[in-house]
There are 2 protein chains.
Amino acid sequence: MHQHTTSPPSLSLRIDLAMNARIGPGKIQLLEAIAACGSISAAGRAIDMSYKRAWDLVDEINHICGCKAVARRIGGKNGGGTVLTPFGTSLVARYRKIECIAARAVRQDLLELQSDIGPVRKPRAGKSTSF
Amino acid sequence: MHQHTTSPPSLSLRIDLAMNARIGPGKIQLLEAIAACGSISAAGRAIDMSYKRAWDLVDEINHICGCKAVARRIGGKNGGGTVLTPFGTSLVARYRKIECIAARAVRQDLLELQSDIGPVRKPRAGKSTSF
């Protein structure tokens with residue numbers, strides 16, 4: 001019966017660039033998976049995301065930033081693939097830097113929050129929200 | 001044609017207390033609305049959230065924290081209502097403090113991100129994700 005857990009709390013950051021234009025951990029994880037896997041479809045599979053959703057998210061990132069984060073690479077051993085552009089690479093690095101700075105800044109307060117709450121119970125089945 | 005915006009980026013924080021046990025801006029906004037409105041149903045209406053969803057979120061907060069954030073207040077002029085418990089009040093205050101510390105810590109990097117990206121375009125209709 002592992003209903004309680006005492007691992008330390010962590011932060012997930014969403015950056016609200018403008019009304020409804022957001023960069024969060026999901027989009028960044030997808031870009032990192034594209035860099036690692038060399039294709040959008042393989043990246044989707046690697047992070048358990050549908051092909052359509054992965055393409056839609058890439059399209060959304062490119063659109064809101066007004067600059068492509070992902071580009072086709074023509075040719076090569078496997079007939080091309082997908083890579084991050086310098087802008088995409090920089091976007092990922094900057095997000096991870098911001099995440100790291102924020103996590104360090106609030107570390108003590110997260111520990112105090114954990115101490116306030118005590119052992120955390122997992123949500124009941126089907127009742128988890130990231131809201 | 002207001003397709004671009006140049007307002008500074010902001011952060012939304014989600015605190016991951018444990019696997020699938022999360023406190024984010026939506027739950028905190030709901031608790032603040034309950035404190036302001038004195039009932040869960042009025043709070044739901046105030047932040048455009050269904051009665052069922054508001055109750056489900058309150059139930060989820062109480063469950064994962066193992067401590068009630070919200071309590072019934074019996075009697076009074078309008079026949080009772082709902083208030084935040086001291087734990088609920090402290091949870092909201094601590095979240096807002098963490099949000100404030102994180103925002104201050106990453107302010108310069110958010111401005112640099114904005115400078116990298118340039119004017120942000122709003123997502124196409126129906127294409128916004130907070131992912």
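For the structure itself, consult the block above.
This is a predicted model, so every value here is computed, not measured. (Residues numbered from 1 in each chain as written. Chains lettered and ligands numbered in written order. Predicted model: local features only at pLDDT ≥ 70, side-chain atom pairs only at ≥ 80, totals over all residues. Heavy atoms only, no water.)

Things to note about the overall build of chain A
Item 1. Looking only at helices and strands, chain A has four helices and six strands in total.
Item 2. Listing every helix and strand of chain A by position from the N terminus yields β-β-β-α-α-α-β-β-α-β.
Item 3. Counting over 131 residues, chain A shows a buried share of 48%.
Item 4. A separation of at least 24 residues holds for 52% of the contacts in chain A among residues at least 6 apart in sequence.
Item 5. Accessible surface for chain A amounts to roughly 6,800 Å². Of this, 54% is attributable to carbon and sulfur atoms. (Helix = DSSP H or I, 4+ residues; strand = E, 2+ residues; numbered from the N terminus. Buried < 20%, exposed > 50% of the residue type's maximum accessible area, 1.4 Å probe, protein only. Contact = heavy atoms within 4.5 Å. Areas by Shrake-Rupley, 256 points an atom, 1.4 Å probe, with all protein chains shown as cover.)

Notes on the nonpolar core
Item 1. Core analysis: the largest hydrophobic core is formed by 73 residues, its most contacted members being Leu 11, Leu 17 and Leu 91 of chain A together with Leu 11, Leu 17, Leu 30 and Leu 91 of chain B.
Item 2. Look past the residues within four positions of Leu 30 of chain B in its chain and what remains in contact with it is Ala 43, Ile 47, Met 49, Ala 54, Leu 57 and Val 58 of chain B. (Core = buried A, V, L, I, M, F, W, Y, C linked by side-chain atoms within 4.5 Å.)

Some words on the interface of chain A and chain B
Often the size quoted for an interface is simply the accessible area lost on bringing the parts together.
Item 1. The interface of chain A with chain B comprises 60 residues on the first partner and 59 residues on the second.
Item 2. Both sides together, the interface formed by chain A and chain B hides about 5,600 Å², and carbon and sulfur atoms give 55% of it.
Item 3. For chain A, the biggest contributors to the area lost against chain B are His 63, Arg 94 and Phe 131 of chain A; these three give 14% of the whole.
Item 4. At the boundary of chain A with chain B, the tally comes to eight salt bridges.
Item 5. As a salt-bridge pair, Lys 97 of chain A and Asp 109 of chain B come within 2.8 Å of each other at their nearest N and O atoms.
Item 6. Across the contact surface, chain A and chain B share 14 residue pairs in polar contact (both at pLDDT 80 or more).
Item 7. Among the elements of the structure, strand S2 (10-18), strand S3 (21-23), helix H1 (25-37), helix H3 (51-65), helix H4 (86-117) and strand S6 (120-121) of chain A are those that each provide at least two residues to the side of chain A that touches chain B. (Buried area = accessible area lost by both parts, 1.4 Å probe. Salt bridge = Lys/Arg side-chain N within 4 Å of Asp/Glu carboxyl O. Polar contact = N/O pair within 3.5 Å; in protein donor to acceptor, adjacent residues only side chain to side chain.)

Notes on the side chain of Lys 27 of chain B
Item 1. In this structure, Lys 27 of chain B sits in helix H1 (residues 25-37).
Item 2. At 3.4 Å, the side chain of Lys 27 of chain B and the side chain of Glu 60 of chain B are in polar contact.
Item 3. Residues contacting Lys 27 of chain B, with those up to four places away along its chain left out, are Thr 129 and Phe 131 of chain A together with Arg 22, Leu 57, Glu 60 and Ile 61 of chain B.

A closer look at the pairing of S2 of chain A
Item 1. The element S2 of chain A is largely enclosed, with a buried count of eight among its nine residues.
Item 2. Relative to strand S2 (residues 10-18) of chain B, S2 of chain A runs antiparallel, the two sharing seven bridges. Along S2 of chain B, the bridge assignment pairs Leu 11 of chain A with Ile 15 of chain B.
Item 3. Strand direction decides the pairing type here: S2 of chain A and S3 of chain A, joined by three bridges, are antiparallel. (Pairing = 2+ DSSP bridges.)

A closer look at the relation of the copies chain A and chain B
Item 1. With an RMSD of 0.0 Å, the operation that places chain A on chain B is a rotation of 180 degrees combined with a shift of 0.0 Å along the axis. Put plainly, the chains are arranged around a two-fold axis.
Item 2. A symmetric contact is evident, with 98% of the interface residues of chain A recurring at the interface of chain B. (Least-squares fit on C-alpha atoms with pLDDT ≥ 70 in both.)

Side note on the packing of H1 of chain A against H3 of chain A
Residues and elements named next belong to chain A.
Item 1. One way to put it is that H1 packs onto H3 with a least axis distance of 10 Å and a crossing angle of 105 degrees. Overall, the two elements H1 and H3 adopt an arrangement that is roughly perpendicular. Contacts between H1 and H3 involve Lys 27, Leu 30, Leu 31 and Ile 34 on the former and, on the latter, Ala 54, Leu 57, Val 58, Glu 60 and Ile 61.
Item 2. Its residues assigned to classes, the contact of H1 with H3 comprises seven nonpolar, no polar and two charged. (Axes fitted to C-alpha atoms, helices over the stretch in contact; angles between N-to-C directions. Parallel < 35°, antiparallel > 145°, perpendicular 65-115°, else oblique. Nonpolar A, V, L, I, M, F, W, Y, C, P; charged D, E, K, R; others polar.)

A short note on the pattern of salt bridges
Where side chains of opposite charge bring their charged atoms close, a pairing between them can arise.
Item 1. With the rule as written, the count across this model stands at 20 salt bridges over all chains.
Item 2. Among the salt bridges present, the one from Asp 16 of chain A reaches Arg 14 of chain A, with a minimum N-O distance of 3.0 Å. This pair shows no difference in class: Asp 16 of chain A is buried, exactly as Arg 14 of chain A is.
Item 3. Here the salt bridges do not stand alone but share partners, grouping Arg 94 and Lys 97 of chain A together with Asp 109, Glu 112 and Asp 116 of chain B into one network.

All we've got here are geometric facts, nothing functional implied.
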